[in-house]
Amino acid sequence: MHALIEGARGSVDQAELYWSRRREIHVLYQNYRLQQVEENDLSSVALRVIDDGRLGSTYGVFPDREDLLDDARTAARYGEPATFSFAPAASYADVRTYDGRTAGLTSQDLVDLCESVKGRIHNELPDIPLFIRCRAETSELLVESTEGAQGEIRATDFGIGFGAPFRGVGISIIKGERSISPLDVDGALIDEFVEWYRWGDKTSTPSTGRLPVLLAPEAAFLVLLPLLMGVSGDLVSKKTSPLVDRIGQPILSEKLTVIDDAVADGDPNARPFDDEGIPCGAHTIVENGVLKDYILDLRSGAALDRPSNGHGFKSALFGGGTEASPTPWFANPVIEAGEESWRDLVKGLNEGLLITNGMGFHSGNFPQGQFAVQAVGYHVVGGEVIGRLDRTMISGNIYEDLRAVRAVSRERRRAVIGLLSIGSAPYILVDSLQVAGK
Amino acid sequence: MKDRLAAIAAGLSADYADIRYEENRKVRILYEGKKLGEVASTVSSGGHARAYADGGKAISSFSDPERAGPIAESTCASASRAGRCREKGLRVADAPVIVDSFLVAPGKDPRTIPLKEKLDLATHYNEIVLGEPSVITTQTVYDEFASRRVFVNNEGSAIEYELLNCGIAGSIVTKKGNVVQRVRFAFGGCEDYGRLLDREEDLKKRIAKACELLDAEPVKAGVFPVILDPSEAGVFIHEAFGHLSEGDGLQNNPAFRARLQMGTKLGRSILNASDDPTLEGRPGHFIVDDEGVRGVKTRLITEGILTGRLHSRETAAEFGEPLSGNMRAVDARFTPLVRMSNIFIEPGDSSFDDMVTSVEDGYYLVGARGGQTSGDQFTFGAQWGFRIENGRIGPMVRDINMSGELFSTLEGISMVGDDLAFGERGGCGKGSPMQTNRKSGTGAPHIRIDAVTIGGV
């Protein structure tokens, strides 16, 4: 047990330590040129205490700072009455989160990989301002409490993404992948990038009205983020979620099943315990369109008179990290795949949109399920992509418009871009969304 | 610390190298509804080293100040290796050597106010919001950020400087039937704690809007002329144009560099826009940036013509344009980026009434609700709006997001009001990983844009 937690016993009612250390290497190419190499070594610590029945927290760099406990106690003097206890001792799933090969990578290894990707794309698209970002991260995370929780993991995270703005405009297309292990970039990903990039050489604006929309995995956040807010125990306990008292009821199409799979072995999002030391698992959120459960941290669980179900993460739409308070969040949301090929779904569209991203999502009323975004993607007519969408917005509400889903693709992949770039999803063909265009 | 870091910097083997070390104190008080969700007073510290060597560039963030020397040396070596992969090397523009101290001395310094007093103020405003029967919850946040920084480089600059801002902001969440609406409020956003006091009447006006919105209709989808209030117009110039005036975004994008040459006509002669970090009392105020360059006012658009750009030392060299002092990092975990300070549209001579009269079928959109930009494409939201029919303000509308393309939209600014106003809360997200910068302000008068796309029902 860490000395800080040991020392806190007897001086406060309860204490919880969160300590993270990350060593990262980032390599960034812009316009086919190496722009910068970045190597970081960062430590951060958060301490929460319950003192005289009140909650206080503080944040720092190293856990051996002498006044960390005093700062937390000072905060507790003014803090809210504690409605929960910190996590007790628990056994955690045995999940593979670390690959020593990633930990051993150097910046030169990342440069070499980027040079390989650069060469292959340059052969096809020599005149685009290609950017490549490659990252290798090794982290250690410790969560301990005076109540017995003792979680410690080592993790590695390797990621590569590449993309370029379409010719003459600022909208970019990005492809990428993540793993706990070093990755080579397979030819299929590069081929798809080249194909999609070339689709953008022409533009098209659909007429204002309702059209079928095929959401690519990169655009899954349009569904997952409103859903995250809807099932958040925080919003449910405040009764601002549209899903209050809806467990057991259909909220989405029966073709949609969403599982937050925090213990997917070898997945870069895998976590045996959450940021409060509660065990994580594979948690079904929506099954065949029916709402199965909310996601809870310690605080919202207490508010709903339930235990945390291991979703307390220091996450936020913007920001998050060690200094953030835990809040109910997804670890690794997965929308289950269907049976059809996404290319067949495109071919079956008389007129529709293939959406790869949506700009301005966060300025909409998404906690209520709504979105109204600038549509980034392609206009499909007669089963063929006729051009990149221009001056087009799509809007809807997932609890209304995603009740009618025509099909879900058999291909599923990690959505590495977008606001919620943490899960994976198939292509989802929505019967119709409101389109603002010509 | 300054002398130790200066000695390290002086010995670095690089064409250019700098080290920044900082101690950051934050106070955050959060109410969520009746519940006091957080009272936190935190201290963190860390450093950041940058080097340009043999045409390459490398950066490092670190937590342990004892390792500043070896990390800075290793950063120089990485930069040199990176230079081997570039045909055209990176370099930095010449800048004056500064050895000075720039400390903040606001009228009412939040650092001297007891935590209890700040908590009482947040409690007071939160209780006012909760007193309205239609309010189902609130989020009221007191935020204070005080950073003391040391900057040194291998050219001899050695600067101690402070950044400070404090504010109370939040959301008012109302509900009627199935309709849930959220209106934001924000006071302060600058160094002076005094700006947070006696704001009850301003808060009550926002509460009233959150209640009125419950009876508003969703906005209709389509393309419309719009009038943006100063808050919305400020976000527009920030999101749509401001990010394209940042040199690092253009540096490696040949298409936009070609389209945004100095002297390019971007709008009508009524359009003038500037970025000005010297505006005291605004969120984006600072004296010196995070690469030791003084911040200056930059006239970005003058009578519709592109006349200025925001730069780092690297991008100023790349473009052959003057330094502007806009290179800033949120904290030591991040490398500085070229960022707006206080960007604003300069006032014109149209009255608000004349603007409304000029619109036959459109919307008046009010209250910034964030935005996003990608090159020339932008999207941003409004907290509420009103239909305009035949030159008259009509019913209130809700759930508004709009998008457009920069160049045609700038050309479409057909009226600029005489009522310049600045927002009180700064905020801008940029970079990967994203740096959310509170020290970024916006301002504008009312403006009329002839056509924007609105996403609605």
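Up top is the structure.
Residues numbered from 1 in each chain as written. Chains lettered and ligands numbered in written order. Predicted model: local features only at pLDDT ≥ 70, side-chain atom pairs only at ≥ 80, totals over all residues. Heavy atoms only, no water.

A.B. asks: Outline empty space enclosed by the protein, listing residues and values.
C.D. replies: Regions of empty space are outlined by a rolling probe, equal in size to a water molecule, passed over the atoms. Under the defined criterion, the tally for this structure stands at 5 cavities of 30 Å³ or more. Taken as a whole, the largest cavity spans an internal volume of roughly 100 Å³. Considering the residues around the largest cavity, the lining is formed by A:Arg48, A:Leu55, A:Gly56, A:Ser57, A:Glu80, A:Arg299, A:Ser325, A:Pro326, B:Leu36, B:Gly37, B:Glu38 and B:Val39. Counting residues per element, the ones that place at least two in the lining of the largest cavity are strand S3 (54-60) of chain A together with strand S2 (35-53) of chain B. (1 Å grid on protein atoms, 1.4 Å probe; cavity = no way out; pocket = protein on both sides within 12 Å on 5 of 7 lines; lining within 4 Å. Points joined across faces, edges and corners; volume = space filled by probe spheres on them. Helix = DSSP H or I, 4+ residues; strand = E, 2+ residues; numbered from the N terminus.)

A.B. asks: Outline the sheet that holds strand S24 (residues 441-444) of chain B, listing residues and values.
C.D. replies: All names here are of chain B. Reading across from one edge, S12-S11-S10-S15-S24-S21 is the order of the 6 strands in this open sheet, with mixed pairing throughout. The sheet terminates laterally at strand S12 (305-306) and strand S21 (421-422), the two strands that pair on one side only. Of the pairings in the sheet, the one linking strand S15 (residues 342-345) to S24 comprises 3 bridges and is parallel in character. Within S24, the position partnered with Asn-342 by the bridge is Gly-441. (Pairing = 2+ DSSP bridges.)

A.B. asks: Describe the side chain of B:Thr140, and please don't skip the residues or the numbers.
C.D. replies: All names here are of chain B. Inspection of the secondary structure assignment puts Thr-140 in strand S5 (residues 135-153). According to the relative accessible area criterion, Thr-140 is buried, its value standing at 0%. A distance of 2.8 Å separates the side chain of Thr-140 from the side chain of Asn-126, its partner in a polar contact. Leaving out residues up to four positions away in the same chain, Thr-140 has contacts with Ile-29, Leu-30, Tyr-31, Ala-122, Asn-126, Ile-168, Ala-169, Gly-170 and Phe-185. (Buried < 20%, exposed > 50% of the residue type's maximum accessible area, 1.4 Å probe, protein only. Polar contact = N/O pair within 3.5 Å; in protein donor to acceptor, adjacent residues only side chain to side chain. Contact = heavy atoms within 4.5 Å.)

A.B. asks: Quick rundown of the packing of helix H3 (residues 115-130) of chain B against helix H4 (residues 200-212) of chain B? Include the residues and the values.
C.D. replies: Residues and elements named next belong to chain B. For the pair H3 and H4, interaxial distance at closest approach is 10 Å and the crossing angle is 35 degrees. Handedness of the H3/H4 crossing: right-handed. Packed against H3, whose contacting residues are His-124, Tyr-125, Ile-128 and Val-129, the element H4 presents Glu-200, Leu-203, Lys-204 and Ile-207 at the interface. (Axes fitted to C-alpha atoms, helices over the stretch in contact; angles between N-to-C directions. Left-handed = near helix turned anticlockwise from the far one by under 90°.)

A.B. asks: Please give an account of the packing of aromatic side chains that cites residues and values.
C.D. replies: This structure, assessed with the given rule, holds 26 aromatic pairs over all chains. An angle of 70 degrees between the planes, with centres 5.7 Å apart, marks the rings of A:Trp196 and A:Trp342 as edge-to-face. Note that A:Trp196 is positioned in helix H5 (residues 187-199) and A:Trp342 in helix H9 (residues 342-347), a separation of 146 residues in sequence. Note on accessibility: A:Trp196 and A:Trp342 belong to one class, buried. Geometrically, the ring pair formed by B:Phe378 and B:Phe380 is tilted, given 5.7 Å between the ring centres and 35 degrees between the ring planes. Grouping aromatic residues by their ring pairs yields a cluster made of A:Phe162, A:Phe166, A:Phe193, A:Trp196, A:Tyr197, A:Trp199, A:Trp342, A:Tyr378 and A:Tyr427. It is B:Arg257 that lies over the ring of B:Phe319; its NZ or CZ is 4.2 Å from the centre. For the cation-ring pair, B:Arg387 lies above B:Tyr363, with the distance from its terminal atom to the ring centre recorded as 5.0 Å. (Phe/Tyr/Trp six-rings, centres within 6.5 Å; stacked < 30°, edge-to-face > 60°. Lys NZ or Arg CZ within 6 Å of the ring centre and 35° of its normal.)

A.B. asks: Tell me about the pattern of salt bridges, residues and numbers included.
C.D. replies: Residue and element names in this part refer to chain A. Tallied over the entire structure, the rule returns 70 salt bridges over all chains. For Arg-96, the salt bridge identified is with Asp-265, shortest N-O distance 3.4 Å. Of the two residues, Arg-96 sits in the loop between helix H2 (68-78) and helix H3 (100-103) while Asp-265 sits in the loop between strand S9 (258-261) and strand S10 (282-287), which places them 169 residues apart along the sequence. What makes Arg-96 partly exposed here is its relative accessible area of 44%. We note a salt bridge from Asp-127 to Arg-167, for which the minimum N-O separation is 2.9 Å. (Salt bridge = Lys/Arg side-chain N within 4 Å of Asp/Glu carboxyl O.)

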